[in-house]
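# Observations on the three-dimensional arrangement
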Amino acid sequence: MACENDFSCPGTLVCYTDVSWDERDAFCDCSTYYGWENLASNCTDYGPGTKFYISTASIVMIVSGFFICIALSDMSLFYHFPEARKLSKGVVTFIYCFLGLLSQVFLGAVQLGSATSPLESLKVDEFSEEKLAKYGIAERFFGMAELCFVFLASLNI
């Protein structure tokens, strides 16, 4: 199917123009970001990439949630021992790690929501000629927050 921009393509298909890996000038095809496939059903089927994306995001969320539970149990020390409430390098590092874990869990939740609902996760931008991920800003925010907090925690060790 020929196209001019992403809006010329139905559903989750995007317009590829002047690519080196195909002879056609402009054509609609499945976006590869979340791994959706099956051109016949407007790329709403889970491909191997989608299954990998969903499984890794789920595993990372579960592991991060486990470490958050451990961190919450360690926070009880702040309540029981007044000397632990002092703002030391260890406490600051702990806070950065905790915030990094929270950011990771929220990032995983947003990624799972986007990957598991192809048609609901697209946003039409009237000012551009592209289809955008509805939760793309949240993904970027939580990804950058995670990187920031982990970087700050590693500098503090």
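Residues numbered from 1 in each chain as written. Predicted model: local features only at pLDDT ≥ 70, side-chain atom pairs only at ≥ 80, totals over all residues. Heavy atoms only, no water.

## Topic: the overall build of the protein
Looking only at helices and strands, the protein features three helices and six strands. In sequence order, the secondary structure elements of the protein are arranged as β-β-β-β-α-α-β-β-α. For the protein, the residues scored as buried account for 33% of the 157 residues in total. In the protein, once contacts between residues fewer than 6 apart in sequence are set aside, the share between residues at least 24 apart is 55%. If you sum the accessible surface of the protein, you get close to 10000 Å²; carbon and sulfur atoms cover 66% of it. (Helix = DSSP H or I, 4+ residues; strand = E, 2+ residues; numbered from the N terminus. Buried < 20%, exposed > 50% of the residue type's maximum accessible area, 1.4 Å probe, protein only. Contact = heavy atoms within 4.5 Å. Areas by Shrake-Rupley, 256 points an atom, 1.4 Å probe, with all protein chains shown as cover.)

## Concerning the environment of F94
Of note, F94 is situated in helix α2 (residues 89-116). Distance in space between the C-alpha atoms of F94 and A71 is 8.2 Å, their sequence separation being 23 residues. Contact partners of F94, with chain neighbours within four places excluded, come to A71, D74, M75 and F78.

## As for the packing of aromatic side chains
In total, this model carries seven aromatic pairs according to the counting rule given. Summarising the aromatic geometry, the rings of W21 and F27 are spaced 5.8 Å apart at their centres and angled 85 degrees between planes, so their arrangement reads as edge-to-face. With a relative accessible area of 0%, F27 lands in the buried category. Geometrically, the ring pair formed by F106 and F142 is tilted, given 5.4 Å between the ring centres and 40 degrees between the ring planes. One end of the pair, F106, is in helix α2; the other, F142, is in helix α3 (residues 136-156), with 36 residues separating them in the sequence. Given the relative accessible area of 43%, F106 is considered partly exposed. An aromatic cluster is built from Y16, W21 and F27, whose rings are joined through pairwise contacts. For the cation-ring pair, R24 lies above F27, with the distance from its terminal atom to the ring centre recorded as 4.0 Å. (Phe/Tyr/Trp six-rings, centres within 6.5 Å; stacked < 30°, edge-to-face > 60°. Lys NZ or Arg CZ within 6 Å of the ring centre and 35° of its normal.)

## Some remarks on the side chain of S117
Take S117: it is sitting in the loop between α2 and β5 (122-124). Within polar-contact distance, the side chain of S117 engages the backbone oxygen of G113 at 2.6 Å. (Polar contact = N/O pair within 3.5 Å; in protein donor to acceptor, adjacent residues only side chain to side chain.)

## Looking at the state of the cysteines
Applying the stated criterion to the full structure yields two disulfides. Here C3 pairs with C15 through a disulfide, and the sulfurs are 2.0 Å apart. One disulfide, between C3 and C15, carries an S-S torsion of 80 degrees and so falls in the right-handed class. Residue C3 is found in the segment before β1 (13-17), and its partner C15 is found in strand β1; the two are separated by twelve residues along the sequence. Considered together, C3 and C15 belong to a single accessibility category, that of buried residues. Two residues share a disulfide in this structure: C9 and C28, whose sulfurs sit 2.0 Å from each other. Between C9 and C28, the S-S torsion sits near -85 degrees, and that sign places the bridge as left-handed. (Disulfide = S-S within 2.5 Å.)

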